[in-house]
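What follows is each chain in one-letter form.
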Amino acid sequence: MSTPIISVEDIHKSYLMGKEAVPALRGVSLNIEAGEFVCLMGPSGSGKTTLLNIIGGLDEASRGHVIVEGENLVAMSENKLATLRLQKMGFVFQNYNLLANFTAQENVEAPMVLAKTGRRERQKRSQELLERVGLGDRTHHYPSELSGGQQQRVAIARALANDPPILIADEMTGDLDSETGFAIMELVKQLNSDGMTIVFVTHDPRMATFASRVIELRDGKILEEKNEAEIERLGD
């Protein structure tokens, strides 16, 4: 048996609302193998985004462990956790999170600046990544000069900047029309075919059909898992 690239062990998470602790996750455990394309689904308040953020080291569990490539996120200092995120994970969000005063190329270069990559290499790689996502002719455009789909492609290129093995994505097609959303998912599917591990959240069953495994959450627990044969029926 291979060691999972991500292992979630009995994760609990509660948020304090006034004086009351409100549970968001109630003992979630799952393993994700390297190269898997995993979708987290569930209604609003099911805990899917909370789980994604804990897997990505963006939020802290109240109890339990998250192991990423053999590293226990719970036991890490904030500095080590930031380094792991920079090296091992790329992040894509629904609202793109691009820097408004940076060009597309400068946005893609940003994670490489943090990783202290040399300027010439940064410029070369950012150009290659923008070409890979179909924006080779938009390198010097600012986010305000790009469509929503183009901005999301820049965000994906930025997520790939440091060549991480894992892509973490939260509702990355939520603000896009159906045609553009499917094009973005086709791009992510190709990244997965190239060996990247994908973990993403969506509320749209049609987008979930791109995954190889769908994990449904409800009330902070895993309700069920769907395999590829069952996933095909989600888009009907």
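As a reminder, the structure under discussion sits directly above these lines.
Treat the numbers as computed from the prediction; the structure is a model and nothing was measured. (Residues numbered from 1 in each chain as written. Predicted model: local features only at pLDDT ≥ 70, side-chain atom pairs only at ≥ 80, totals over all residues. Heavy atoms only, no water.)

(A) Structural context of the packing of helix H5 (residues 148-159) against helix H6 (residues 178-193). Running from amino to carboxyl end, H5 crosses H6 at an angle of 15°, the nearest separation of the two axes being 10 Å. Regarding the angle of H5 to H6, the classification is roughly parallel. In this structure, H5 meets H6 at a crossing whose hand is right-handed. Contacts from Gly149, Gln152, Arg153 and Ile156 of H5 reach H6 at Thr180, Ala183, Ile184, Leu187, Val188 and Leu191. Class assignment for the residues of the contact of H5 with H6 results in six nonpolar, three polar and one charged. (Axes fitted to C-alpha atoms, helices over the stretch in contact; angles between N-to-C directions. Helix = DSSP H or I, 4+ residues; strand = E, 2+ residues; numbered from the N terminus. Parallel < 35°, antiparallel > 145°, perpendicular 65-115°, else oblique. Left-handed = near helix turned anticlockwise from the far one by under 90°. Contact = heavy atoms within 4.5 Å. Nonpolar A, V, L, I, M, F, W, Y, C, P; charged D, E, K, R; others polar.)

(B) Spatial organisation of the pattern of salt bridges. Taken as a whole, this structure holds 12 salt bridges when the rule is applied. Residue Asp59 pairs with Lys13 through a salt bridge whose shortest N-O separation is 3.4 Å. Of this pair, Asp59 sits in the loop between helix H1 (48-55) and strand S4 (63-68) while Lys13 sits in strand S1 (residues 6-17), and the two are 46 residues apart along the sequence. As a salt-bridge pair, Glu109 and Arg122 come within 3.2 Å of each other at their nearest N and O atoms. Placement of the pair is Glu109 in helix H3 (residues 104-114) and Arg122 in helix H4 (residues 119-132), with a sequence separation of 13 residues. Judged by relative accessible area, which is 9%, Glu109 ranks as buried. (Salt bridge = Lys/Arg side-chain N within 4 Å of Asp/Glu carboxyl O. Buried < 20%, exposed > 50% of the residue type's maximum accessible area, 1.4 Å probe, protein only.)

(C) Expanded view of a nonpolar patch on the surface. On the surface, a cluster of nonpolar side chains totalling about 270 Å² of accessible area is made up of Tyr15, Met17 and Val22. Positionally, Met17 belongs in strand S1. (Patch = residues over 30% accessible without salt bridge, like charges linked within 9 Å, V, L, I, M, F, W, Y side chains within 5 Å. Areas by Shrake-Rupley, 256 points an atom, 1.4 Å probe, with all protein chains shown as cover.)

(D) Spotlight on the nonpolar core. Counting residues in each nonpolar core, the largest one holds 39 residues, and the members touching the most others are Ile156 and Phe200. At the level of secondary structure, the elements contributing two or more residues to this core comprise strand S3 (37-41), H3, H4, H5, strand S7 (166-170), H6, strand S8 (197-201) and helix H7 (205-208). Counting residues in each nonpolar core, the second largest holds 29 residues, with Ile5, Leu25, Leu30 and Val201 among its members. (Core = buried A, V, L, I, M, F, W, Y, C linked by side-chain atoms within 4.5 Å.)

(E) Quick peek at the packing of aromatic side chains. In total, this model carries three aromatic pairs according to the counting rule given. With centroids separated by 6.2 Å and ring planes inclined at 5°, the aromatic side chains of Phe91 and Phe93 adopt a geometry described as stacked. Both rings, one in Phe182 and one in Phe210, keep their centres 6.0 Å apart while their planes meet at 45°; by these two values the pair is tilted. Of this pair, Phe182 sits in helix H6 while Phe210 is found in the loop between H7 and strand S9 (213-218), placing the two residues 28 residues apart along the sequence. (Phe/Tyr/Trp six-rings, centres within 6.5 Å; stacked < 30°, edge-to-face > 60°.)

(F) Expanded view of unusual backbone geometry. Unlike most non-glycine residues, Asn97 shows phi in positive territory, near 60°. Topologically, Asn97 is positioned in the loop between strand S6 (89-93) and H3. The exposure class of Asn97 is partly exposed, given its relative accessible area of 38%. Its identity is not glycine, yet Lys116 carries a phi of approximately 65°, on the positive side. By secondary structure assignment, the location of Lys116 is in the loop between H3 and H4.

(G) Representation of the side chain of Gln151. By secondary structure assignment, the location of Gln151 is in helix H5. Take Gln151: its relative accessible area is 16%, and that puts it in the buried class. Once you skip the residues sitting within four places of it in the chain, Gln151 turns out to touch Tyr96, Leu98, Pro143 and Leu146.

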